Amino acid sequence: MKSLGKRKTVLFVLIATALMLLMIEGASRGAYTFLRGLSHVRRDRWFLYSPEVGWMPRANFSGPAFGGGTREFDENSFLRIDSEQVKDRTEKKVLFLGDSNTFGWKVPTESTFVEHVDRNLPGVSAINAGVIGDTSYQGLKTLERIGSRVPTRHCCRLV
């Protein structure tokens with residue numbers, strides 16, 4: 001009977017510690033956001049503030065992107081390297097949504113894994129729609145915003 005009580009105590013201490021750490025992290029993130037505000041968001045950056053998703057690529061931007069490297073976006077906020085592929089109605093397309101790994105944090109646009117897929121998968125256009133820090137909610141909103149702008153050859157059109 002004593003060992004059951006000890007187990008409950010240990011379990012309680014572990015859960016309480018985990019909850020405390022989560023609360024501390026949440027409070028520190030909130031404080032950081034509050035103290036920093038949106039002062040770091042400058043108009044000359046590659047992104048625009050969006051009340052719906054937080055940020056999105058700036059149309060017709062060319063220059064340094066957060067995280068290193070240079071990025072160029074077309075009039076529809078697609079990477080310029082993918083512009084012709086987006087318009088092409090003859091090839092199958094794979095639209096990559098994701099965070100900094102998809103976007104290509106600290107690597108040139110042509111070195112992102114999406115561009116490697118594009119070069120090594122014949123007959124398919126790989127289109128990079130990754131945004132640094134993207135969440136699944138942002139991914140869904142990005143898909144809703146740009147999915148219909150990507151002409152498809154067969155099924156899978158966003159309705």
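Every value quoted in this text rests on a predicted model; they were computed, and no experiment measured them.

### Quick notes on the overall build of the protein
Phase 1 of the analysis: Along its length, the protein carries five helices and six strands.
Phase 2 of the analysis: When the helices and strands of the protein are listed from N to C terminus, the series reads α-β-β-β-β-α-β-α-α-β-α.
Phase 3 of the analysis: Residues counted as buried form 31% of the 159 residues belonging to the protein.
Phase 4 of the analysis: Accessible area for the protein stands at about 10500 Å²; split by element, carbon and sulfur atoms hold 63% of it.

### Observations concerning the nonpolar core
Phase 1 of the analysis: Among the nonpolar cores identified, the biggest contains nine residues, and these are Trp46, Phe47, Phe61, Ala65, Phe73, Leu79, Phe103, Val131 and Ile132.
Phase 2 of the analysis: Counting six residues, the second largest nonpolar core, distinct from the first, contains Val86, Ala129, Ile146 and Val150.

### Comments concerning helix 4 (residues 113–120)
Phase 1 of the analysis: Those residues of helix 4 that sit buried are Val114, Glu115 and Asp118. Across the axial projection of helix 4, the buried residues extend over an arc of 95°, all falling on one side.

### Observations concerning a nonpolar patch on the surface
Phase 1 of the analysis: A cluster of nonpolar residues, Leu11, Ile15, Leu19 and Leu22, forms a patch on the protein surface that exposes about 400 Å² of accessible area.
Phase 2 of the analysis: Examined against the element boundaries, Leu11 turns out to sit in helix 1 (residues 2–36).

### Points about the side chain of Ser77
Phase 1 of the analysis: Topologically, Ser77 is positioned in the loop between strand 4 (70–72) and helix 2 (83–87).
Phase 2 of the analysis: Of note is the side chain of Ser77, whose polar atom sits 3.2 Å from the backbone oxygen of Pro57.
Phase 3 of the analysis: Discounting chain neighbours no more than four positions away, the residues touching Ser77 are Pro57, Arg58, Ala59 and Arg145.

Here is what the cut-offs are and how they apply
- Residues numbered from 1 in each chain as written.
- Predicted model: local features only at pLDDT ≥ 70, side-chain atom pairs only at ≥ 80, totals over all residues.
- Heavy atoms only, no water.
- Helix = DSSP H or I, 4+ residues; strand = E, 2+ residues; numbered from the N terminus.
- Buried < 20%, exposed > 50% of the residue type's maximum accessible area, 1.4 Å probe, protein only.
- Areas by Shrake-Rupley, 256 points an atom, 1.4 Å probe, with all protein chains shown as cover.
- Core = buried A, V, L, I, M, F, W, Y, C linked by side-chain atoms within 4.5 Å.
- Arc of directions from axis to C-beta.
- Patch = residues over 30% accessible without salt bridge, like charges linked within 9 Å, V, L, I, M, F, W, Y side chains within 5 Å.
- Salt bridge = Lys/Arg side-chain N within 4 Å of Asp/Glu carboxyl O.
- Polar contact = N/O pair within 3.5 Å; in protein donor to acceptor, adjacent residues only side chain to side chain.
- Contact = heavy atoms within 4.5 Å.

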